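Close look at the chain arrangement
Listed here are the chains, written in short residue letters.
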Amino acid sequence: MLRVETRSNRKKINKKWWIWTPVIIVVVLIAVVGGYALSIVNNVEETFNTKMHDPVESIDQEKVKQKMNASEPLNILLLGVDERGNDVGRSDALMVLNLKPETEEMQLISIPRDTRTLIVGRGEQDKINHAYAFGGPDMSIQTVQHFLDIEIDYFVRVNMEGLKELVDELGTITVDNEIEWSDGTYQFTKGPVEMDGAKTLAYVRMRKQDPAGDFGRTERQRKVIEAIINDGANVANVTKINELINIMGNNMSTSIDFNAVKSLLGGYTNTRKNVNSYQMQGSGTKIDGIYYYIVPEEEVSKVQAMINS
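Now for a quick tour of the structure. In this text the structure is predicted, and so the values were computed from the model without any measurement. Residue positions are given per chain, counting from 1 as you read along its sequence in written order. With pLDDT at 70 or above as the cut-off, local features in this predicted model cover only qualifying residues; side-chain atom pairs require 80 or more to be listed or tallied, and sums for whole chains, interfaces and linings still use all residues. Computation of side-chain values covers all heavy atoms of the structure but excludes hydrogens and water.

Describing the overall build of the protein chain
Each helix corresponds to a stretch of at least 4 residues labelled H or I by DSSP, and each strand to a stretch of at least 2 residues labelled E; elements are numbered beginning at the N terminus. Across its full length, the protein chain holds 12 helices and 14 strands. Relative accessibility thresholds used throughout: buried, under 20% of the residue-type maximum; exposed, over 50%; partly exposed, between the two (1.4 Å probe, protein chains only). The buried share of the protein chain, reckoned over its 309 residues, is 52%. Any two residues whose heavy atoms approach within 4.5 Å at even a single point are treated as in contact. For the protein chain, restricting intrachain contacts to residue pairs at least 6 apart in sequence, the fraction spanning at least 24 positions comes to 66%. To measure how exposed things are, a 1.4 Å probe is used in the Shrake-Rupley method; for residues, cover is taken only from the protein chains shown. Only carbon and sulfur atoms are counted for the fraction: they give 47% of the accessible area of the protein chain, which is about 14,100 Å².

Shown next, in the form of structure tokens:
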């Protein structure tokens, strides 16, 4: 049966790129090179295991392996982090990827970064994205687990600062921009916009001029990641593969080791057949002069049911 791709379901499908960074970008690049891939595979494995692999105490690796061997559903926490200079950074994007191999489904659930919740390990209510600043991936994982009452099996952290290096290594990228705006340094017109690394950072960091606020910024970040993947897969960039992998190693970390990557791309590949994305809903308010996003219990229960069903 012919599948008609509407604007709505195209957006859902495109959001899957966020999930597999840094996994898919590596696989795409390797696929392009063909017979020259062996040395690159070795470099990818070494980069993953020595620079990108970051096991955390809050995740029981043996239990996760058992779940994976049994093809049980998995939850992966994606953290899009903006770290500048010596700043430890905050998680600008928090998404839970729910993989269901039995029903060949994938759900990508976005948690608003200003969501007010208990920060596990500090015993106080705060914005959920502050958990990363307070305690890195471990505290973020524990906080999201408590907030949604689910188990996180893996995490992937992407430093948005690394986008500049990736784009500059590729040369430029082009995205389809949906709103016109200027930050005083760069002018962004509607339609295709070609960007170098510095302009790309300005593009993904803008928030106040976007009517959609943080949600709009998340969408722009998604477009940039997709453009990097598409341009990185061009034959002209084949000779840059090792450089791109090394940049990723310096700007991405994950509790997934290389063997688990291969298992994910094997037993869980078909989950990409049915991709659904969901943005948690709530309302903004100020408490003691600070803006928070309040997600009601009914919404939390709804998302729990989506993940556990």
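Examining the pattern of salt bridges
A carboxyl oxygen of Asp or Glu within 4 Å of a side-chain nitrogen of Lys or Arg is what we treat as a salt bridge. On inspection of all chains with the given rule, the structure shows nine salt bridges. Across the salt bridge formed by Arg 122 and Glu 124, the nearest N and O atoms sit 3.3 Å from each other. According to the relative accessible area criterion, Arg 122 is partly exposed, its value standing at 42%. Across the salt bridge formed by Glu 178 and Lys 223, the nearest N and O atoms sit 3.2 Å from each other. Of this pair, Glu 178 sits in the loop between strand S7 (173–177) and strand S8 (181–182) while Lys 223 sits in helix H9 (residues 214–232), placing them 45 residues apart in sequence.

Some details on the environment of Gly 191
Here Gly 191 shows up in strand S10 (residues 191–195). The exposure class assigned to Gly 191 is buried, which follows from its relative accessible area of 15%. Setting aside residues up to four positions removed in sequence, Gly 191 forms contacts with Val 175, Asp 176 and Asn 177.

Re the packing of helix H7 (residues 162–170) against helix H8 (residues 197–205)
The axes are straight lines fitted to the C-alpha atoms, using for helices just the contacting stretch, and the angles between their N-to-C directions are given from 0 to 180°. The geometry of H7 relative to H8 is characterised by a closest axis approach of 8 Å and an angle of 140° between their N-to-C directions. Viewed along their axes, H7 and H8 adopt a mutual orientation that is oblique. Handedness of the H7/H8 crossing: right-handed. Contact residues: Leu 163, Lys 164, Val 167 and Asp 168 in H7; Gly 197, Ala 198, Thr 200, Leu 201 and Val 204 in H8. Asp, Glu, Lys and Arg are counted as charged, while Ala, Val, Leu, Ile, Met, Phe, Trp, Tyr, Cys and Pro are counted as nonpolar; the rest, among them Gly, fall into the polar class. The residue inventory of the contact of H7 with H8, partitioned by class, reads five nonpolar, two polar and two charged. With respect to orientation, any angle under 35 degrees is reported as roughly parallel, any angle over 145 as roughly antiparallel, any angle of 65 to 115 as roughly perpendicular, and every other angle as oblique. In a left-handed crossing the near helix is turned counterclockwise from the far helix by less than a right angle, and in a right-handed crossing that turn is clockwise.

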